[in-house]
Amino acid sequence: MEKQFCPKPNTFKNTFCVFNEVSLAAIEGLLVQYESKAGSLYYYTKEGMYRLSNHWGRLANSKWRLEPMETESATKCKLGFALWTSFYPDNATDKLYYLEANFDKKTVNYQHKNNPNYDQKAVLRTSFETAKRIKQIRNLFELTSWAKYFEYGDLDTLRMNIINGLIYTEKSLEEIKREQL
């Protein structure tokens, strides 16, 4: 009988990780190895971790996000998988995060600088600075009242210019907007 893989205690303390949603069929035959007080179930393999939960985001002292499947499942409880190499260190003081905007879906997310897809172009920020910029970008995506002060031909182009300024520079939102006038 093969020995079950189990990570060391505190392995996940102060970590950032992006899990990818997978089908429940992925855990068929696997045994639950840990159940949290909040009811999340954890399954460990040599490659990574499966987590079945109805809540994602900030968890105690970690930030774990779930990237949904293309055709989102209707259930509230979702199964996510992450490789062990996808867990990165997190703290409030270091500049660990960068932003990615999806202009088609009008969404913004933060990623860790250790992510192999990081192109070294987006500015790295602390958790607090990142959260502030995310809020600004979401407002730019969701609202249009800010645009009445600009002369523009295409709102989407104006929005993209301002959001890219927030992602790729240290300039404040006000400075970036002034440059667009």
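For the structure given in this document, a descriptive report is provided here. (Residues numbered from 1 in each chain as written. Predicted model: local features only at pLDDT ≥ 70, side-chain atom pairs only at ≥ 80, totals over all residues. Heavy atoms only, no water.)

1. A look at the overall build of the chain
Part 1 of the reasoning: Counting its secondary structure elements, the chain contains three helices and 10 strands.
Part 2 of the reasoning: If you list the helices and strands of the chain from N to C, you get β-β-β-β-β-β-β-β-β-β-α-α-α.
Part 3 of the reasoning: Here the C-alpha coordinates of the chain stretch approximately 70 × 35 × 30 Å along the principal axes.
Part 4 of the reasoning: Long-range pairs, those at least 24 residues apart, make up 64% of the contacts in the chain between residues at least 6 apart in sequence. (Helix = DSSP H or I, 4+ residues; strand = E, 2+ residues; numbered from the N terminus. Contact = heavy atoms within 4.5 Å.)

2. Re the layout of surface pockets
Part 1 of the reasoning: In this structure, the largest pocket occupies an estimated 690 Å³ of space.
Part 2 of the reasoning: For the lining of the largest pocket, the secondary-structure elements that each account for two or more residues are β1 (15–21), β6 (62–67), β9 (97–102) and β10 (107–112).
Part 3 of the reasoning: No other element matches the five residues that β10 contributes to the lining of the largest pocket.
Part 4 of the reasoning: In terms of residue class, the lining of the largest pocket is made up of nine nonpolar, nine polar and seven charged. (1 Å grid on protein atoms, 1.4 Å probe; cavity = no way out; pocket = protein on both sides within 12 Å on 5 of 7 lines; lining within 4 Å. Points joined across faces, edges and corners; volume = space filled by probe spheres on them. Nonpolar A, V, L, I, M, F, W, Y, C, P; charged D, E, K, R; others polar.)

3. Focus: the packing of helix α1 (residues 127–142) against helix α2 (residues 155–168)
Part 1 of the reasoning: Running from N to C, α1 and α2 cross one another at 175°; their axes reach a closest spacing of 10 Å. On the basis of the axis angle, α1 is roughly antiparallel to α2. Along its contact with α1, which presents Arg133, Gln136, Ile137, Leu140 and Phe141, the element α2 presents Arg159, Ile162, Ile163, Gly165, Leu166 and Ile167.
Part 2 of the reasoning: Looking at side-chain class alone, the contact of α1 with α2 contains seven nonpolar, two polar and two charged residues. (Axes fitted to C-alpha atoms, helices over the stretch in contact; angles between N-to-C directions. Parallel < 35°, antiparallel > 145°, perpendicular 65-115°, else oblique.)

4. With respect to the pattern of salt bridges
Part 1 of the reasoning: Within this structure, the stated rule accounts for five salt bridges.
Part 2 of the reasoning: Here Lys171 and Glu179 are joined by a salt bridge, their closest N and O atoms 2.6 Å apart.
Part 3 of the reasoning: On the basis of relative accessible area, Lys171 is assigned to the partly exposed category, the value being 31%. (Salt bridge = Lys/Arg side-chain N within 4 Å of Asp/Glu carboxyl O. Buried < 20%, exposed > 50% of the residue type's maximum accessible area, 1.4 Å probe, protein only.)

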